[in-house]
Amino acid sequence: MILKKFKHTSLTRTKRSMIGGIVDYVLSEKDEDGRNKCVWSTALNFIAATRKGQRAEMISLAEESIRSRMPVSHWMMSWNENEIPTEQQITEAVQIFLKGMGLEEHQTLVAVHANTQNVHAHILVNRVHPDTLKVIQPHNGFDIEAAHRIVAAIEKVQGWKPQKNARYRVDENNMIVRNEPRKRQPPTSKAQDFENYTGAKSAQRIAQKRAHDIMENANSWSELHNSLKEAGLQFEKKGSGAIVFVGDIAVKASSIGRQFSMGKLCKRLGEYQPGDYSAAMPKIAPEPLSKIAEKQWHEYMSLRKVAQEEQKRQNAALRRKNELVIAEFKAQQKAHRARAFSSLAQYGPEFVRMAKYLLPIQQSRELAATRKELPKMPKQTCGRFKDWLCQRSPWLADIWRLRRILKPGMTYGHFEEGHFLKVGKMQNPLIPYREMVKRRYAGLTLSRLEAATALHLRCAGYSRKEVEEEIQRHSPPPANSADPAPKLEYIQRILDYAFGEQGDIWVIGQRLGKPEVEKFNKEAEIIGYYMKHPPNEPLQTGIARPRHKLR
């Protein structure tokens, strides 16, 4: 699972506007495309019982803090695609998070969103203590590092699958310990957001690929500069640090590797010596992030380039138009000042001095309001690469999204309905198959167990409709009988995983042929028989009694 903190970038707005906007966003039932977004929400440590009252209560308490410009923190807790937490698990995870941050007594709003492939919960926590009115700074500002430790604790308690490069883990003594550091740093979250949006490698990833070995093996400053120049990069000192230019984009040298900070490089190579980059550096063309859908990516980048050029043209025209409007408005204000001063001169110099002080203040506010009403710059028309690709090939878009779990050399494909031969013959196969999966894969959480069971049923030839009916028949009733939507959403997510692209990739990766399917189906049939008959009862179905203990 992932725990991410959002930064507040619009601190010029009032607290009421910022907090109210975030609360409205996370509690909104629909997203921008009209899909169901907020499927469940809860509130902790509030007096008010309604959403509107809780929103007003959070704003009122936040306004009690004078020094803090934004005392409400916004976090997101996200699970893997085949992990669907229950309401009780989400509440428990949030309580572990609040306790780890020292905010268990503070106002907290939790909203679970299901409009993406990953179930995720938005957590809004007011750092102003409701009794003391003091603003708490968790872990003296090092709350990101603490969040990594909290993730490891939640994964241990609830059994979720850790991320591939998790920073912390729980050892055999139930102590949270740091994992071995990775040899190479991954790109920052901002760079990865750019990559996920455009499908192109970020400047930081290109710098890491081209410059890491050069900077690690260089024995002098001249060797480092010459080698980077040959690779199309440029190294410069900036203040007390260092940057590497990828084209016209600057990347911090320490983001390529912590050992490449200016201080550490000077210890290894001596006093800094600038390089000769008098010749124009070559422009670095965008590179695809993955070989998957590479042809479509080039088409997308061509359209994106055309859209960017058109946007620049429109922005320049709109900017000139807005400048003319502002210039005309300033001229009107200047003429108004001249008329006001001349008309007030007859009443004495005191009135003129007052007008010279008050009128510019009023006109500056009017000018700001006029600027705010001007037309905004149009946004890009291409949008995200994944969304653009989904309009042309939904299956290929999902494969591109799941590129990280594809093994090298794996040939991927899609299995249509009816691809798997009907091997299973049981009338009620869910319980025996679930027990078989539980024995084969120990330590699975409930949602991962359900997803793996549905996936094995699919391989045995059961249709999506049959599996859905089985899960509905054997799953417990919803917590709120009046609203069965969370249960239906849970079942659909399991089926989407088992019968979707992730299921296809798992089947290809496991190389499940007919012999393997027949083997685990036979195992499930044996388990199903022993669930109905005592162990000493003779077999009547022609199934051979196993000679060894099932695993």
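Bear in mind that the values here come from a model prediction, so they are computed numbers and not experimental data.

Describe in detail the overall build of the protein, supporting the description with residues and values.
The number of helices and strands found in the protein is 19 helices and ten strands. Here the C-alpha radius of gyration of the protein, 31 Å, is well above what a compact globule of 551 residues would show, namely 24 Å. With the principal axes as the frame, the protein shows a C-alpha extent of 115 × 65 × 50 Å. Scored against the burial criterion, the 551 residues of the protein give a buried share of 42%. A sequence separation of at least 24 residues applies to 67% of the contacts in the protein between residues at least 6 apart. Entry remark: accessible area of the protein is about 32,500 Å², with carbon and sulfur atoms responsible for 52%. Taking the average location of the 90 positive side-chain charges in the protein and that of its 61 negative ones, the two points are 4 Å from each other.

Which residues make up the environment of R184, and what values do they have?
The topology assignment puts R184 in the loop between β7 (176-178) and α5 (189-198). Between the C-alpha atom of R184 and that of Y347, which follows or precedes it by 163 residues, the distance is 76 Å. Among all residues touching R184, those that are not within four sequence positions of it are Q208, H212 and D213.

Talk me through helix α1 (residues 15-27); I want residue IDs and the actual numbers.
Spanning 13 residues, α1 covers 18 Å between terminal C-alpha atoms, matching the ideal 18 Å at 1.5 Å per step. What α1 keeps buried is the set K15, M18, I19, G20, I22, V23, V26 and L27. Buried residues along α1 sit against β2 (38-44), α2 (51-62), β3 (72-78), β4 (108-113) and β5 (120-126).

I'd love a proper account of the pattern of salt bridges, names of residues and values included.
Overall, the coordinates contain 20 salt bridges when judged by the stated rule. As a salt-bridge pair, R439 and E435 come within 3.3 Å of each other at their nearest N and O atoms. In this pair, R439 and E435 both sit in helix α14 (residues 430-440), four residues apart, roughly one turn of the helix. Under the relative-accessibility criterion, R439 is labelled partly exposed at 36%.

Before we move on, could you go through the sheet that holds strand β10 (residues 249-252) and cite the residues and values that matter?
Taken in spatial order, the three strands of this open sheet run β8-β9-β10, and their pairing is antiparallel. Each having just a single partner strand, β8 (233-238) and β10 make up the two edges of the open sheet. Averaged over all pairs of adjacent strands, the angle between strand axes in this sheet comes to 35 degrees, irrespective of strand direction. Judged from the six bridges that link them, β8 and strand β9 (residues 241-246) form a sheet pairing that is antiparallel. Residue pairing across strands places L233 opposite V246, the latter belonging to β9.

Tell me about the environment of Y277, residues and numbers included.
Relative to the elements of secondary structure, Y277 occurs in the loop between α9 (262-269) and α10 (294-344). Along the backbone, Y277 and L233 are 44 residues apart, and their C-alpha atoms lie at a distance of 9.7 Å. With residues near it in sequence (within four places) discarded, Y277 still touches H225, L228, K229, L233, Q234 and F235. At a separation of 2.8 Å, a polar atom in the side chain of Y277 contacts the side chain of H225. A polar contact of 3.3 Å, which involves the side chain of Y277, links it to the backbone nitrogen of F235.

Just give me the short version of the nonpolar core, but keep the residues and values in it.
The biggest cluster of nonpolar side chains holds 57 residues, and the ones touching the most others in it are W75, M77, I90, F97, M101, Y433 and V467. The element that contributes the greatest number of residues to this core is helix α15 (residues 446-459), accounting for seven residues. Sequence-distant contacts of V467, defined by excluding residues within four places in its chain, comprise A454, L457, Y462, L495 and F499.

Tell me about the pairing of β5, residues and numbers included.
In terms of residue burial, β5 counts as a mostly covered element, since seven of its seven residues are buried. Here β5 shows a buried face lined by H120, H122, L124 and N126 and a second buried face lined by A121, I123 and V125. Pairing of β3 with β5 involves seven bridges; the strand directions are antiparallel. Following the sheet pairing, M76 is matched in β5 by H122. For β4 and β5, the ladder comprises six bridges, and the chain directions are antiparallel. Residue pairing for β5: L109 is matched across the bridge by L124.

What counts, and where the lines are drawn
- Residues numbered from 1 in each chain as written.
- Predicted model: local features only at pLDDT ≥ 70, side-chain atom pairs only at ≥ 80, totals over all residues.
- Heavy atoms only, no water.
- Helix = DSSP H or I, 4+ residues; strand = E, 2+ residues; numbered from the N terminus.
- Rg over C-alpha atoms; globule rule 2.2 N^0.38 Å.
- Buried < 20%, exposed > 50% of the residue type's maximum accessible area, 1.4 Å probe, protein only.
- Contact = heavy atoms within 4.5 Å.
- Areas by Shrake-Rupley, 256 points an atom, 1.4 Å probe, with all protein chains shown as cover.
- Lys, Arg positive; Asp, Glu negative; His and termini not counted.
- Charge placed at Lys NZ, Arg CZ, Asp CG, Glu CD.
- Expected span 1.5 Å × (residues − 1).
- Salt bridge = Lys/Arg side-chain N within 4 Å of Asp/Glu carboxyl O.
- Pairing = 2+ DSSP bridges.
- Axes fitted to C-alpha atoms, helices over the stretch in contact; angles between N-to-C directions.
- Polar contact = N/O pair within 3.5 Å; in protein donor to acceptor, adjacent residues only side chain to side chain.
- Core = buried A, V, L, I, M, F, W, Y, C linked by side-chain atoms within 4.5 Å.

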